[in-house]
Structure formats: structure tokens, C-alpha cells
Amino acid sequence: MARRPYPVIALEEHYWDRELVSHLSGAEGSRSKPLLDRLYDLGDLRLREMDEAGVDVQVLSHGAPSGQKLAADVGPALIRGVNDRLAQAIALNPSRFAGFAALPTAAPEAAADELERCVRELGFKGAMVHGLTNGEFLDLPKYWPIFARAEALDVPIYFHPSFPHPDVTAAYYKDYMDDFPMVIRAAWGYTVETATQAIRLVLSGVFEQHPNLKIVIGHMGETLPYLLWRINQALSRPGHRPLDFAATFRKHFWITTSGNFSTPALECAIKEIGLDRIMFSIDWPFVANGPGVEWLDGLALPEAEKAALASGNAKALLKM
Ligand code: ZN
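Every chain's residues receive numbers from 1 upward, in the order its sequence appears when written. Two thresholds apply to this predicted model, a pLDDT of at least 70 for residue-level local features and 80 or more for giving and counting side-chain atom pairs, whereas whole-chain, interface and lining totals are computed over all residues. The side-chain quantities take in all heavy atoms of the structure and omit both hydrogens and water.

## Things to note about the overall build of the protein
- Under the DSSP-based scheme used, a helix requires at least four consecutive residues in state H or I and a strand at least two consecutive residues in state E, with every element numbered from the N terminus. Looking only at helices and strands, the protein has 14 helices and eight strands in total.
- Whereas a compact globule of 320 residues would reach a radius of gyration of roughly 20 Å, the protein reaches 19 Å, a difference of no more than 12%.
- Its C-alpha atoms put the protein at 55 × 50 × 45 Å along the principal axes.
- The buried share among the 320 residues of the protein stands at 55%.
- For the protein, the proportion of contacts with a sequence separation of at least 24, taken over those separated by at least 6, is 78%.
- Using the Shrake-Rupley algorithm and a 1.4 Å probe, accessible areas are obtained, with residue cover drawn only from the displayed protein chains. Counting only carbon and sulfur atoms, one obtains 55% of the accessible surface of the protein, whose full area is about 13800 Å².
- A residue counts as positive if it is Lys or Arg and as negative if it is Asp or Glu; His and the chain ends are not included. Note on charges: their place is set at NZ of Lys, CZ of Arg, CG of Asp or CD of Glu. In the protein, 31 positive and 39 negative side-chain charges are present, and the distance between their average locations comes to 2 Å. Radius of gyration here uses only the C-alpha atoms, and the compact-globule reference equals 2.2 Å multiplied by the residue count raised to the power 0.38. For the exposure calls, accessible area comes from a 1.4 Å probe over protein chains only, and a residue counts as buried if that area is under 20% of its type's maximum, exposed if over 50%, partly exposed in between. Every residue pair with non-hydrogen atoms within 4.5 Å of one another is taken to be in contact.

In C-alpha cells, the structure reads:
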């Protein structure tokens, strides 16, 4: 390892827990065997592909839809087991892996307690949630106990995409899904869903109530750095509750490069939110490690800025 003067930490790197997946009907669906092999591997295969590309550390998270599709009565106990098993896997390779907790968000108080248990007892770095919780966005006040606990623990919540609401899928995408199955996923549907969730968080007032709450979104910020000026300007027009959208976004959000290795997009994000808010990630195994690390290596940035992007910013946010 250590091919560079700085380590490479990637923090949107997924795995699947067999017991949790058995509760998510159709999750394996049309997934290929090589993809499933990688999702279920927390050892040799994963480490080999990290070594080949030069990824020093993966912050592991369960892949979508994780705990967000579980009912309130089954989620908490099941997710406890998921997080315990992840902690055991991390303990086998503690210099290579760290973890984000899965949360049973349908039971918000239990989810907050599980976050605290994972951070205090298992050493996790925060939590990752995936899309809607049984059809609802998480900015609804009933979910705020999760954000209160994250703020108290000083750990971030990573908002990861999942499928759009079924009504949205039917109205917006259905006629193109057969020919272009990715249109509701990484090509567009995921992005709209997650950017909407991020915007709703700002509109909800949760950051006024929790001024030290920290949020991470992937995929170079789900288009929001590029759109920040326009969203901010439109929400500043007469007739709106006073809100500085851009300032709130810049204060509370970090982004990662997961699955979006576009240099012009990175340059836009640096200019809009600052390099110290951007963290390298890949989105393994949905995206291969090699092209991500090669892109990072080839960026025309000063060495100190590349080091911050590769791991320095993640170390600061996650206290690694
Ligand atoms: Zn991902």
C-alpha cells in the first residue's frame, strides 16, 4: 500500500448482509453474480480489489434499501444484528475498514438509540440511510430524534439514494424503464430523489433546531452544487419564509465523489462549496475502484488539496 504520500479513504462503499436482504423482497432481482459476490464479501475479494486500485480504507455501509424498508416492529432488532455483524467484520481488518450504521428509521427513537449504540460501543463513524422510509422523506419532524442524536454524538448522517416513490416512477419513468432500466436508478431517478431529500431538509428548519447537524450526500452532491445559485435565488424571492439556502447548504453538507468522476463537476463543486467539503469515494461494487483512483491520481490539484480530497477531509469529519 501507501503508493502516495497520503492514504485513500473511500466512504460510500457497500456490502450486503444476508439476513437483512432476506427481508427485502426482490433485492437480489436481476443483480449479476459478480456483483452479488462482491456485495456479500467482507474479506479477501474486497481487500484484493482495494489493494489492486490503491484504496487504503473503505468506510462500509449496507447497500440500498437497507433498514429503510423495514416496518417499525421488526426493524430495530434486525438492524441491531446487522450492525453487530458489520462490527465483527471491521474488527477482523480494523486498519482497512470502518463503518456507517444502518438505522431502523421507521422507529425513529429506536433508530436514534441504535445510532448511539453503534457510535459509542461499536466505533462507527455515523450512519447511512437510503431514500424514503416506507414512502416518507426523513425531514418530517417525527424523524428529528435521529438528527438530534447525530448532532449530540457529532457524527454525520449520509443520505444515499434509493428507488423513487412508486407514484413518481409510474408518472415519470415507467415508459422508458424497459429499454433504460438505469433511468430510475443512477442515471437520474436516484439523483432527483436524493437532491429532493436534501432540499427538503433545508426547508424543514431542522438545521435551525440542530445547528451542528452534519449531512453527507454522494455523487458529487446530487447536482446541488451546480444548482446552488439558482435554488438560492428562487427561494429568496418575495413570498418565502426567510431562509439562506446556500449558506445553510454550505454549513451543513459535505459531498463525496461516489460514482461521479467528472473533473468539471468537481471544479464546480470546489468553487461553490469549497474543497474542504468534498471527500473521495467510489460506490464499490456498483462502480469499480480502478477508474476512481486513477481519476483522483490524475487531478491537476496541489498535493495538499489532493490529500484533503483523498482522505484528509474524511479523517476530519469522521474523526479517523
Ligand atoms: Zn452507493
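## Side note on the pairing of strand 5 (residues 157–160)
- Neither face of strand 5 is exposed, since Ile157 and Phe159 on one face and Tyr158 and His160 on the opposite face are all buried.
- For crossovers, right-handed means that the path from the first strand over the helix to the second runs clockwise, given strands pointing away from the viewer. Once the chain exits strand 4 (residues 127–130) it traverses helix 6 (residues 144–153) before rejoining the sheet at strand 5, and the crossover so formed is right-handed.
- A pair of strands is considered paired only if DSSP assigns at least 2 bridges between the two. One ladder, built from three bridges, connects strand 5 with strand 6 (residues 215–217); its direction is parallel. Its bridge partner lying in strand 6, Phe159 is registered against Ile217.

## Overview of the sheet that holds strand 1 (residues 9–15)
- In space, the three strands of this open sheet follow the order 1-2-3, with parallel pairing throughout. What marks the edges here is a single partner per strand, and that holds for strand 1 and strand 3 (97–99). Strand-to-strand twist in this sheet, taken as the mean axis angle between neighbours without regard to direction, amounts to 35°.
- Contacts between helix 3 (residues 44–53) and the sheet are confined to strand 1, strand 2 (57–62) and strand 3, with strand 2 contributing the most and set at about 135° to the helix.
- Axes here mean lines fitted to C-alpha atoms, for a helix over just the part in contact, with angles spanning 0 to 180 degrees between N-to-C directions. Each of strand 1 and strand 2 is contacted by helix 14 (residues 303–318), which is oriented at about 75° to strand 1, the strand it contacts most.

## Some remarks on the pattern of salt bridges
- By definition here, a salt bridge exists when the distance from a side-chain nitrogen of Lys or Arg to a carboxyl oxygen of Asp or Glu is within 4 Å. Under the defined criterion, the tally for this structure stands at 19 salt bridges.
- Among the salt bridges present, the one from Glu116 reaches Arg149, with a minimum N-O distance of 2.9 Å. Placement of the pair is Glu116 in helix 5 (residues 108–120) and Arg149 in helix 6, with a sequence separation of 33 residues.
- A salt bridge links Lys142 to Glu136; the nearest nitrogen and oxygen atoms lie 2.7 Å apart.

## Considering the nonpolar core
- As used in this record, nonpolar core signifies buried Ala, Val, Leu, Ile, Met, Phe, Trp, Tyr and Cys residues forming a set joined through side-chain atoms within 4.5 Å. Counting 79 residues, the largest nonpolar core has Leu115, Phe147, Ile157, Phe159, Ile215, Ile217 and Phe253 as the members making the most contacts within it.
- Element by element, the count of residues in this core is highest for helix 4 (residues 75–92), at six residues.
- Excluding anything up to four places from it in sequence, Ile157 contacts Leu115, Ala127, Val129, Ile146, Phe147, Ala150, Lys214, Ile215 and Val216.
- Core analysis: the second largest hydrophobic core is formed by 14 residues, Leu11, Ala98, Val216 and Ala314 among them.

Fair warning: the whole summary comes from geometry, so function is off the table for now.
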